[in-house]
Amino acid sequence: MEKILDRFLRYVSVDTQSDENSETQPSSAKQLDLLRMLRDELESMGVEATLDEYGYVMGTIPSNIDRKVPVIGFIAHVDTSPDASGANVRPQIIKDYDGGDIELKGVPGLALKPSEFPELLAHKGETIITTDGTTLLGADDKAGVAEIMNAVQYIVEHPEFKHGEIKIGFTPDEEIGRGVAKFDVKKFGAEYAYTMDGGEVGELEFENFNAASAKIHIQGRNVHPGYAKGKMKNAILIGMELNSLLPVQQRPEFTEGYDGFFHIISFKGCVEEADFGYIIRDHDRALFEQKKEEMRKCVDYINARYGEGTAVLEMKDQYYNMRQQVEPYYFIVEKAVKAMEMEGIKPRIQPIRGGTDGANLSFMGLPCPNIFAGGLNFHGKMEFAPLESIEKASRVVLNIISLYAE
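(A) Just the pairing of strand β12 (residues 261–269), in detail. Strand direction decides the pairing type here: β12 and strand β13 (residues 273–282), joined by 8 bridges, are antiparallel. Counterpart to Phe261 in the pairing with β13 is Arg281. Taking the residues between adjacent antiparallel strands as the criterion, β12 and β13 are bridged by 3 residues.

(B) Region of the structure containing empty space enclosed by the protein. Within this structure, the stated rule accounts for 2 cavities of 30 Å³ or more. Of the volumes computed, that of the largest cavity is approximately 40 Å³. If you trace the largest cavity, you find it lined by Val69, Pro70, Ile72, Gly164, Glu165, Ile166, Ile401 and Tyr404. Here the second largest cavity defines a volume of roughly 30 Å³. Elements with a contribution of two residues or more to the lining of the second largest cavity: β3 (72–77) and β9 (192–198). Of all the elements, β3 adds the most residues to the lining of the second largest cavity, at 3 residues. Class assignment of the residues belonging to the lining of the second largest cavity gives a composition of 2 nonpolar, 3 polar and 4 charged.

(C) Up close: the sheet that holds strand β7 (residues 128–130). Spatial strand order, β4-β7-β17: 3 strands in an open sheet with antiparallel pairing. Lying at the two open borders of the sheet, with one neighbouring strand each, are β4 (92–94) and β17 (384–386). Pairwise comparison of adjacent strand axes, ignoring direction, gives a mean angle of 20° for this sheet. Two elements, β4 and β7, share 3 bridges in a ladder whose sense is antiparallel. Along β7, the bridge assignment pairs Ile93 with Ile129. Against the sheet, helix α10 (residues 387–405) contacts β7 and β17, and its axis sits at roughly 65° relative to β17.

Criteria and thresholds
Residues numbered from 1 in each chain as written. Predicted model: local features only at pLDDT ≥ 70, side-chain atom pairs only at ≥ 80, totals over all residues. Heavy atoms only, no water. Pairing = 2+ DSSP bridges. Helix = DSSP H or I, 4+ residues; strand = E, 2+ residues; numbered from the N terminus. 1 Å grid on protein atoms, 1.4 Å probe; cavity = no way out; pocket = protein on both sides within 12 Å on 5 of 7 lines; lining within 4 Å. Points joined across faces, edges and corners; volume = space filled by probe spheres on them. Nonpolar A, V, L, I, M, F, W, Y, C, P; charged D, E, K, R; others polar. Axes fitted to C-alpha atoms, helices over the stretch in contact; angles between N-to-C directions. Contact = heavy atoms within 4.5 Å.

This is the structure we're talking about:
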């Protein structure tokens, strides 16, 4: 078998950054480079696999037992976040991590420090895979991809391993909220599925944020500053004023657990006009709707103060909390719990402070909890992944398959 580390390193070497400003599906053609590779690898292992026009890879492993068991799917996304470059990723491999600072050698003076990221200390003695400080790593979610592919290889090479029919899915554009926008659940054919897209070992999630995006265009009025009194409307300052109307304690840096937030993610502008981008999140649907209404009221206030049309809001729902869709099938969560316990892992059921493809899939009729993939510090140059966590996640996949086959 190819070692899972080698497989993971191959996958992160492919630039698959998604593009939130693109209207195509997938949003960036380079995602297809890895998607084609995965389809070809599945076929080379004897697994029937397809890649459709929207960038979805779907594979099927037939059952090798003579009774009916549920058809189970495993899904991971190939794209990496637009928040940081995914090109020319140069991973560092730190064997037998000693608990000290890890120098990220691509940027002089930059280091991954336990004083800043204490979760590192939980992985002393393990093999840590980091970035070199110039890009993200891509463990979100190429760790999940590698874990699923490693499990597929094990099944193919061990015909004595008993299993029902298994479905494999790889998707683009999860990081920009469009991962399963055109995913054909009926064609996929699974009754239940799991996304391998969580973080630390033991994480198990079946509830996530309700999510919306908000784009606000501020139309100002530029006049020569020497003659601007009573005439100029500075779009930058008006946008800053609007932002100041939102509750400070509901910013991401002050929230945790079930807390929701308003998060400003982009700004571009000048005196004449400016654009502000936000994401709005809350686990509670009623509080989520309240947050959206609060954003509307802020825009209305600006228009009342500076003139109608000064602020134009475009707000879109992105996904909803999957709990209401998964909870009626709670046994699929219990299977994952037992699969972790079989590996000596203590499961930690918790809400996702984010979203996964599984959220939208659950509303599309495919109940789909999320399981840890092992990476940490996603979306930036401080991302890292312990090899042992990736290995454990792949074994959890096999354990889940075994439990359904019993």
